[in-house]
Amino acid sequence: MFGHAGRLNFSSIRQPWLREAVKEWAFFTLPQRRGNVIATVQDVVNAFVTLSESLAVQRSDGGDDIQALSRLDAAAFLNRLAYLQQNGTMSAKRRVRVCRYLVNHLGRMKSLGMLRPERPLHGLPEDFAILPEDVPDDPEDSEAGRDLPLQVMQRICDLLPTFGEFGRHGIENRVAVELLIDTGRRPHEICQLRWDCLKQDSDGQHVLIYDNYKSRRNGRRLPISQATAQVIMDQQQRTRTEFPSTPTNELALLPTQRANPHGRKPITSSWLSSRHKEWVQSLPDFSAPAQAEADGVLVTRTQLFDKSNIFLYAYRHTYCQRHADAGVPVDVLRVLMDHRTLDTTQGYYRVTEKRRRAAVDRVSTMQFDRHGKRVWRQAKALLDSEHARRAIGEVAVPYGVCTEPSNVAAGGNDCPVRFRCVGCGHFRTDVSYLPDLEAYLADLLRNRERLSAALDTDDWAKAEAMPSDEEISRVRRLIKHVKDGMDDLDANQRAEIEEAITVARRGRQGVLLGMPRVRQPLPDLRPARPA
């Protein structure tokens, strides 16, 4: 076929004009391709077969009248793809691939002059097109819940330097994975980075310039940290040293060592994926908390982590999930991830809510009242009404929650006892607030010392502001009871509670009386690395 071994089948394209256009496209494109050419080109031809079938089914003329086509026919085709995916006839990946093929190659046909008189596409209306924004999000982006546990990520980061010593392209492979972890970009986007991908915005902060090839959105800008920028600058120096004669605007940031004398060709995502898989399998076993059912109850146990779940795209899932867990607004995260639709981003927030519910169920078994007495709850899982109350019906205080009706109605601004929470029957706390209780105790002691040293203060004002010995004793007793409750747990129960505490605190909006809210910070995967 046009000088290549094998055959291409165009017979399933029903409309003569479309069949001839695809044949001409194949004639022009085959000489430009290498490798398994026939199979690759046939895959594109099959995408046009899908378009042909849609026109034949949904138009009264079977799609033969090229001048009668419009954007409505393109929309009908896209809706049919969604229907085929929904009923299981077509996979999500195939749907995305068909859309991308048509976006790219219909445009290619037009650039080859096929709209001219006596050419196959003459008379094709301008609005009959598959647009870049018609391409659905990658199915991988929609697989929320496949993020890696924090313990696994920290261990990977600790072992990452060994990837730089693992076979050919070791340094480039290590840098690529480090950038995947830090930026949450797709593997192909990182591999294709150009040498001059690092810029500074008007505030002097670093941004990564990358191309979203799959959606044809080029020149995307992603804010990055100074530590990530330093990784890129170090790689720029290595690449420039290796290829000093090539102009920097032609260099790849991560050049391959195969048939690449000028440094213009980057490593491929398939190569990186294979080397990464080999490296992960060579690492020691990982342990991470995992949920298992015991006597009909979900409990958390530390188990060996399946290393097959550590793949390149998992770093993108992890990056997105960390930001969702930290309370980044969904519209901001959508832009950050460059998702096509908001539904894709919202999937990560549904995972966050599910985990938060499980964590609330678990920490609620270790609730305490103002006297430090254990509040036993007779429920394996909280009622939906209880979860809703925790989300919107309670007033958060710095070290617990308040259920006093008038204070709740006023959004926490009408406390009848002037925020003496540990003396109020409407106050309760749980083990996840232990750090906040300890911080509150330290604050009380610090304020008492400051007031004792204050000279130019009236006695009545000092007496009103002075923390009472009873309040300090009550907080100390409450902290002791919470810690004693933790000490009574065995190792597995303690690990389960600690994991639940982490999830509960991560999703909690920080609330300080009279202070603005601050969302929870992202977990630091590499605390030893400079910011």
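If you're wondering where the values come from, they're calculated on a predicted model, not measured in any experiment. Sequence order as written defines the numbering, with residues in each chain counted from 1. Only residues with pLDDT of 70 or above have their local features reported here, since the model is predicted, and side-chain atom pairs are shown and tallied only from 80 upward, although totals for entire chains, interfaces and linings are computed over all residues. Only heavy atoms go into the side-chain values, all of them from the structure, while hydrogens and water stay out.

### Re the overall build of the protein
(1) Moving on: Helix and strand content of the protein: 18 helices and ten strands.
(2) Moving on: For every residue, the accessible area obtained with a 1.4 Å probe (protein chains only) is divided by the maximum for its type, and the residue is called buried under 20%, exposed over 50%, and partly exposed between those limits. Counting every position in the protein, which comprises 531 residues, the buried fraction comes to 45%.
(3) Moving on: On the protein, roughly 27,200 Å² of surface is accessible, and the fraction owed to carbon and sulfur atoms is 50%. The helix and strand labels rest on DSSP assignments: H or I over at least four residues marks a helix, E over at least two residues marks a strand, and numbering proceeds from the N terminus. Only the protein chains shown count as cover for residues, and the accessible areas themselves come from Shrake-Rupley with a 1.4 Å probe.

### Looking at the packing of aromatic side chains
(1) Moving on: Stacked, edge-to-face and tilted labels apply to pairs of Phe, Tyr and Trp rings (six-membered ring for Trp) whose centres lie within 6.5 Å, assigned for plane angles under 30 degrees, over 60, and everything in between, in that order. One pass over the full model with this rule turns up two aromatic pairs.
(2) Moving on: The interplanar angle of 80 degrees and the centroid separation of 5.6 Å between the aromatic rings of Phe27 and Phe28 together place this pair among those described as edge-to-face.
(3) Moving on: When the ring of Phe163 is compared with that of Trp279, the centres are 4.7 Å apart and the planes differ by 15 degrees; the resulting orientation is stacked. Placement of Phe163 in the loop between helix H5 (150-159) and helix H6 (170-183) and of Trp279 in helix H9 (residues 269-282) is noted, with a sequence separation of 116 residues between them.

### Digging into the side chain of Thr183
(1) Moving on: Locating Thr183 in the fold gives a position in helix H6.
(2) Moving on: On the basis of relative accessibility, which here comes to 0%, the residue Thr183 falls in the buried class.

### So, the confidence of the model for the protein
(1) Moving on: For every residue, the predictor states its confidence as a pLDDT score lying anywhere from 0 to 100. With 80% of its residues at a pLDDT of 70 or more, the protein has an overall mean of 81.
(2) Moving on: Every residue pair with non-hydrogen atoms within 4.5 Å of one another is taken to be in contact. Across residues 376-385, where pLDDT falls below 50, the model places 14 contacts with residues more than four positions away in sequence or in other chains.
(3) Moving on: In the model, residues 510-520 has pLDDT below 50 throughout and makes 19 contacts with residues more than four positions away in sequence or in other chains.

### Thoughts on the pairing of strand S2 (residues 206-212)
(1) Moving on: Most of S2 is tucked away, with five of its seven residues classed as buried.
(2) Moving on: At least two bridges found by DSSP between two strands is the condition for calling them paired. Two elements, strand S1 (residues 198-200) and S2, share three bridges in a ladder whose sense is antiparallel. The residue of S2 that forms the bridge with Leu198 is Leu208.
(3) Moving on: In this structure, the hairpin formed by S1 and S2 is closed by a connection of five residues, where Gly204 is found at a positive phi of approximately 80 degrees.
(4) Moving on: With five bridges joining them, S2 and strand S3 (residues 217-223) adopt antiparallel strand pairing. Across the sheet, the residue bridging to Asn212 is Arg217, located in S3.

### Description of unusual backbone geometry
(1) Moving on: For Glu118, which is not glycine, the phi dihedral falls at a positive 65 degrees.
(2) Moving on: Residue position: Glu118 is located in the loop between helix H4 (92-111) and H5.
(3) Moving on: What makes Glu118 exposed here is its relative accessible area of 80%.
(4) Moving on: The backbone of Ala259 sits at a positive phi, close to 45 degrees, despite the residue not being glycine.
(5) Moving on: Here Ala259 lies in the loop between helix H8 (226-242) and H9.

### Looking at the nonpolar core
(1) Moving on: As used here, the term nonpolar core means buried Ala, Val, Leu, Ile, Met, Phe, Trp, Tyr and Cys residues forming a set that is joined through side-chain atoms within 4.5 Å. In this structure, Ile156, Ile310 and Tyr315 are the most contacted members of the largest nonpolar core, which totals 48 residues.
(2) Moving on: Not counting chain neighbours up to four residues away, the residues in contact with Tyr315 comprise Leu148, Met153, Ile156, Val177, Leu180, Ile181, His276 and Ile310.

### Describing the pattern of salt bridges
(1) Moving on: Basic side-chain nitrogens of Lys or Arg form a salt bridge, by our definition, when they fall within 4 Å of a carboxyl oxygen of Asp or Glu. With the rule as written, the count across this model stands at 17 salt bridges.
(2) Moving on: Here Arg97 and Asp43 are joined by a salt bridge, their closest N and O atoms 3.3 Å apart. Taken together, the residues Arg97 in helix H4 and Asp43 in helix H2 (residues 37-58) connect sequence positions 54 residues apart.
(3) Moving on: Owing to a relative accessible area of 34%, Arg97 belongs among the partly exposed residues under this scheme.

### Some words on the packing of H2 against H4
(1) Moving on: Interaxial angle, 0 to 180 degrees, is taken between N-to-C directions of lines fitted to C-alpha atoms, where a helix line uses only the stretch in contact. At a minimum axis separation of 9 Å, H2 and H4 run at an interaxial angle of 95 degrees. On the basis of their axis angle, the class for H2 and H4 is roughly perpendicular. In this structure, H2 uses Asp43, Val44, Asn46, Ala47, Phe48 and Leu51 to contact H4, whose residues at the interface are Arg94, Arg97, Val98, Tyr101, Leu102, His105, Leu106 and Met109. Here is the rule for angles: anything less than 35 degrees is roughly parallel, anything more than 145 is roughly antiparallel, 65 through 115 is roughly perpendicular, and the remaining ranges are oblique.

### What about the sheet that holds S2?
Sheets are built from strands paired through backbone hydrogen bonds, the pairs being either parallel or antiparallel.
(1) Moving on: The three strands are arranged S1-S2-S3 in an open sheet whose pairing can be described as antiparallel. Single-partner strands in this sheet number two, and they are S1 and S3. Between one strand axis and the next, the sheet turns through 40 degrees on average, direction left out of account.

### Some words on H9
(1) Moving on: Take the number of residues in a helix, subtract one, and multiply by 1.5 Å to get its expected span. Under the 1.5 Å per step criterion, the end-to-end length of H9 is 20 Å for 14 residues, consistent within 8% with the ideal 20 Å.
(2) Moving on: Buried within H9 are the following residues: Leu272, Arg275, His276, Trp279 and Val280. Each buried residue of H9 sits inside an arc of 135 degrees when the element is viewed along its axis, so together they form one side.
(3) Moving on: On its buried face, H9 is in contact with H5, H6, helix H7 (187-191) and helix H10 (312-325). By arc we mean the arc of the directions from the helix axis to the C-beta atoms, nothing more.

### Some thoughts on the environment of Phe10
(1) Moving on: Turning to its location among the elements, Phe10 is positioned in the segment before helix H1 (16-29).
(2) Moving on: Under the relative-accessibility criterion, Phe10 is labelled buried at 8%.
(3) Moving on: When the C-alpha atoms of Phe10 and Glu20 are compared, they prove to be 8.9 Å apart, with ten residues separating the residues in sequence.
(4) Moving on: The residues contacting Phe10, other than those within four sequence positions of it, are Arg19, Val22, Lys23, Ala26 and Val45.

### Examining the environment of Tyr433
(1) Moving on: As for its placement among the helices and strands, Tyr433 is situated in the loop between strand S10 (427-430) and helix H15 (434-453).
(2) Moving on: On a C-alpha basis, the gap between Tyr433 and Arg505 in space is 8.2 Å, while along the polypeptide they are 72 residues apart.

### Looking at the environment of Ile479
(1) Moving on: Tracing the chain through its elements places Ile479 in helix H17 (residues 469-487).
(2) Moving on: Note: C-alpha distance between Ile479 and Val431 (48 residues apart in sequence) is 9.2 Å.
(3) Moving on: Not counting residues up to four positions away in its chain, the partners in contact with Ile479 are Leu434, Leu437, Glu438 and Leu441.

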